[in-house]
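Overview (structure and organization)
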There are 2 protein chains.
Amino acid sequence: MPEINIKYLAKQLNLAPSTVSRALNDSYEISEKTKVRVLALAKELNYHPNPYARSLRDHKSYTIAVIIPERINNFFAQVIDGIEKVTRQHGYHLLVYNTHEELDIERKILSFLLNGRVDAIVMSVSSQTSKIDHLLQLYQKKLPVIFFDRICDEFPTTKFITNDYQSGYDGTKHLIQKGCQRLVFLTLSKDLSISKERLRGFKVALKDYGMEFSPNQVIVCMQEEDENIKLIGDLLGSEDRPDGILASVEKLAVAIYKAVRNTSLKIPQDLKLISFSNMKIADILDPPLSTISQPAMEIGIACADLLMKKLTKKDHPEFEDRIIMIPSKITIRRSSGE
Amino acid sequence: MPEINIKYLAKQLNLAPSTVSRALNDSYEISEKTKVRVLALAKELNYHPNPYARSLRDHKSYTIAVIIPERINNFFAQVIDGIEKVTRQHGYHLLVYNTHEELDIERKILSFLLNGRVDAIVMSVSSQTSKIDHLLQLYQKKLPVIFFDRICDEFPTTKFITNDYQSGYDGTKHLIQKGCQRLVFLTLSKDLSISKERLRGFKVALKDYGMEFSPNQVIVCMQEEDENIKLIGDLLGSEDRPDGILASVEKLAVAIYKAVRNTSLKIPQDLKLISFSNMKIADILDPPLSTISQPAMEIGIACADLLMKKLTKKDHPEFEDRIIMIPSKITIRRSSGE
DNA sequence: AACGAAATCGGAATCGATTGCATGATTAAA
DNA sequence: TTTAATCATGCAATCGATTCCGATTTCGTT
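Calculation rules
The residue numbering used here restarts from 1 in each chain and proceeds along that chain's sequence as written. Labels follow written order: the first chain is A, the first ligand is 1, and so on. Residue-level local features of this predicted model are given only where pLDDT is at least 70; pairs of side-chain atoms are given and counted only at 80 or more, and the full residue set underlies all totals for whole chains, interfaces and linings. With hydrogens and water stripped out, all remaining heavy atoms of the structure feed into the side-chain values. Proximity criterion: a residue is near a molecule or strand once any of its heavy atoms comes within 4 Å of it. Pairs of N or O atoms are called polar contacts if they sit within 3.5 Å, as long as, within protein, a hydrogen donor faces a hydrogen acceptor (for residues adjacent in sequence, only side-chain-to-side-chain pairs). The secondary structure listing takes helices from DSSP runs of H or I that are at least 4 residues long and strands from runs of E that are at least 2 residues long, numbered from the N terminus. Classification convention: Asp, Glu, Lys, Arg as charged; Ala, Val, Leu, Ile, Met, Phe, Trp, Tyr, Cys, Pro as nonpolar; all other residues, Gly among them, as polar. Copy-to-copy superposition: least squares on the C-alpha atoms, limited to residues that have pLDDT of at least 70 in both copies. In what follows, a contact means two residues having at least one pair of non-hydrogen atoms within 4.5 Å. DSSP bridges decide pairing: two strands pair if at least two such bridges lie between them. Note on geometry: axes are C-alpha line fits, over the in-contact stretch for helices, and angles between N-to-C directions span 0 to 180 degrees.

Once that is clear, we can look at the protein's contact with DNA strand C. Surveying the vicinity of DNA strand C reveals 26 residues, the closest of which are Ile6, Tyr47 and Arg57 of chain A together with Thr19 and Arg22 of chain B. Of what DNA strand C places within 4 Å of the protein, 60% of the atoms are sugar or phosphate. The contact in question runs from a phosphate oxygen of DNA strand C to an N or O atom on the side chain of arginine 54 of chain A, over 2.9 Å. The separation between a phosphate oxygen of DNA strand C and a polar main-chain atom of alanine 16 of chain B is 2.9 Å. Elements represented by at least two residues in the surface near DNA strand C include exactly helix H1 (6-13), helix H2 (17-24) and helix H4 (51-58) of chain A together with helix H2 (17-24) and helix H4 (51-58) of chain B. Of the residues assigned to the surface near DNA strand C, the class counts are eight nonpolar, eleven polar and seven charged.

This is the structure we're talking about:
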């Protein structure tokens with residue numbers, strides 16, 4: 001079978017490749033008659049232009065990189081679905097990378113993207129990311145970047161987040177009002193943007209309700225679930241064990257459930273729990289989990305909408321350095337006391 | 001800032017682009033001295049070859065397409081993690097596409113991949129896929145394809161699956177031994193390879209234990225969860241409601257839990273349930289869900305290993321037309337009666 | 001000193017699609 | 001009938017990296 005490229009089409013039609021190209025691109029210079037002939041054959045042979053030849057000439061790849069720290073995660077999966085929904089309509093393709101929360105992997109991935117492989121990047125940084133030198137390279141190369149959720153404050157671009165401070169505040173307030181005296185905040189990292197904001201809400205809520213804050217109310221967890229279960233188990237076995245937990249990451253809520261299983265404690269009687277989570281099955285857990293769920297699909301769509309504007313309209317200005325906030329939704333279920 | 005390409009490097013070093021290219025590729029024709037100079041500058045300027053120029057010449061994209069029917073799904077997410085783990089080590093990139101279980105989308109995606117954009121495809125077909133004309137195009141174009149889980153029997157290539165027949169049989173047997181009299185099999189489609197096999201196991205188990213099978217024991221569900229909850233609700237409200245369900249897809253198990261909430265029935269007392277599922281939180285559901293979980297990560301790794309062999313070794317033969325089976329693991333929990 | 005082989009490197013074509021410029025053909029206007 | 005204008009198409013360069021082939025230099029050997 002011969003390679004079906006533009007030269008082959010041209011030969012079959014007894015035309016020059018340039019004419020075929022123009023016909024396919026509906027140029028005004030080509031007669032209707034010729035266009036019809038060309039399009040007919042292209043359709044018959046199921047011809048599609050070689051994307052790499054086009055990319056080489058146009059310096060556009062029609063490809064976008066999506067970088068996330070975790071794939072088995074409802075939030076990120078939904079965001080990607082949102083991004084894909086929009087970009088697909090514009091003929092863009094998605095390269096998806098998982099950093100597994102590791103800075104080294106994040107670094108390596110970004111270095112692969114600096115050479116024109118993608119037209120833009122949409123990312124949520126790893127929990128290990130505190131220095132941002134590897135990100136600044138993108139800025140120097142003028143590669144458009146949008147951050148969502150776990151953003152990078154120092155990087156001047158548009159960022160999409162949820163109202164983390166407010167959600168942290170509201171979740172904490174809720175626990176206090178349910179009678180919790182010894183509150184704990186669980187997180188993956190102290191450097192993460194979302195953790196900082198959610199923790200800030202936690203602290204302010206404590207203060208507003210006349211409670212002291214002490215640093216050991218913040219527990220920084222690990223990557224491995226087993227380690228976290230142990231960590232939380234120790235916490236629950238301690239003298240002044242917490243009676244209320246705000247988990248800033250979905251997987252930590254799961255670890256709490258599993259850790260509690262190993263004790264004689266009961267949720268919510270002995271321990272009230274609320275967690276940031278996009279699980280669609282929060283209400284069939286035992287007990288149903290109170291959640292702060294983020295508008296993941298909307299975030300994905302918003303990111304992609306902005307991106308498509310920038311990429312499809314020429315001379316579109318660089319992304320403004322600003323933060324766009326879409327509110328999360330808090331849903332009280334039995335884990336925090338009905 | 002000048003574009004950093006091979007010509008720029010050549011000019012800086014007072015060499016020809018061809019020499020620079022050879023030096024970068026560690027050719028024997030280039031002296032050590034020159035190689036050192038070239039590599040030093042390349043490193044300093046953080047030079048990476050333009051991937052599209054290389055692809056155009058080599059007819060290789062170092063890119064693989066992964067096509068799945070659903071992204072918010074633990075099984076598929078784990079498989080992709082497995083694929084990425086292997087392919088990343090070989091410098092390959094992953095384009096990930098979600099068909100949302102729609103045949104039209106699957107068709108469209110495949111048509112985008114026929115022009116050299118990817119070197120191979122790893123996919124699990126949508127539940128609507130019964131005709132396979134759109135897949136056969138890939139075969140004609142000699143584009144390597146590997147199927148996993150939801151395979152396409154008529155397509156001659158290597159396929160990775162789990163022991164669906166056996167799992168279906170074992171799950172059904174378990175329900176029977178727990179005393180279920182009126183069993184029902186829930187599925188997304190009658191055409192899907194996995195559904196057929198799992199159903200076959202269901203039927204044979206019934207027969208082996210002296211139970212009649214009637215076609216209305218098979219319920220074909222919808223895409224929308226709300227519809228499924230209603231469908232299952234009706235089922236549970238009927239005269240001869242089932243007392244045991246084998247759900248062939250994770251999301252259907254979730255729908256069952258939610259449907260049961262609307263009734264006065266109790267799992268497992270009134271209804272025993274076991275489901276194919278890769279949820280990591282099956283044991284914190286209320287009640288904990290008995291699962292048949294597939295070795296997702298292993299499947300992904302196996303697919304990618306085979307693929308990498310084919311793509312990195314020249315003159316590697318086409319994929320054999322065979323099926324490789326990796327067994328699932330059945331875990332009994334309280335939803336099927338302790 | 002001279003010759004040949006090996007070691008190094010440069011020139012130019014190539015991959016496939018696009019596009020500025022030139023050319024040829026057709027038609028309308030003078 | 002001639003000229004100008006419009007229309008339709010072809011030629012050739014380009015994008016960046018690679019590689020075949022040819023050219024030059026270096027070195028060892030007689």
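Now for the protein's contact with DNA strand D. In the vicinity of DNA strand D there are 26 residues, among which Ala16, Thr19 and Arg22 of chain A together with Ile6 and Arg57 of chain B approach most closely. Taken together, the elements giving at least two residues each to the surface near DNA strand D come down to H2 and H4 of chain A together with helix H1 (6-13), H2 and H4 of chain B. Looking at the surface near DNA strand D residue by residue, the class counts come to eight nonpolar, eleven polar and seven charged.

As a further point, take the relation of the copies chain B and chain A. Each copy of the sequence occupies a distinct position, and chain B is placed on chain A by a rotation of 180 degrees and an axial shift of 0.0 Å, giving an RMSD of 0.1 Å. Classification of the inter-copy transformation places it as that of a two-fold axis. Mapped onto chain A, 98% of the interface residues of chain B are again interface residues, and the two copies thus contact each other with one and the same surface.

The next thing to look at is the sheet that holds strand S10 (residues 290-293) of chain A. All names here are of chain A. The strand order S7-S6-S8-S9-S10-S12 describes an open sheet built from six strands, whose pairing is mixed. Here the strands that pair on one side only, and so sit at the sheet edges, are strand S7 (218-220) and strand S12 (329-331). Within the sheet, the average angular offset between the axes of one strand and its neighbour, ignoring direction, is 15 degrees. Examined bridge by bridge, S10 and S12 share three bridges and lie antiparallel to one another. Each residue of the ladder has a partner; that of threonine 291, found in S12, is threonine 331. Its contacts with the sheet place helix H8 (residues 164-177) against strand S6 (183-187), strand S8 (244-247), strand S9 (272-276), S10 and S12, and it is angled at close to 170 degrees to S9. Here helix H11 (residues 250-261) sits on the sheet and contacts S6, S8 and S9; the angle it forms with S9, its principal contact strand, is near 155 degrees.

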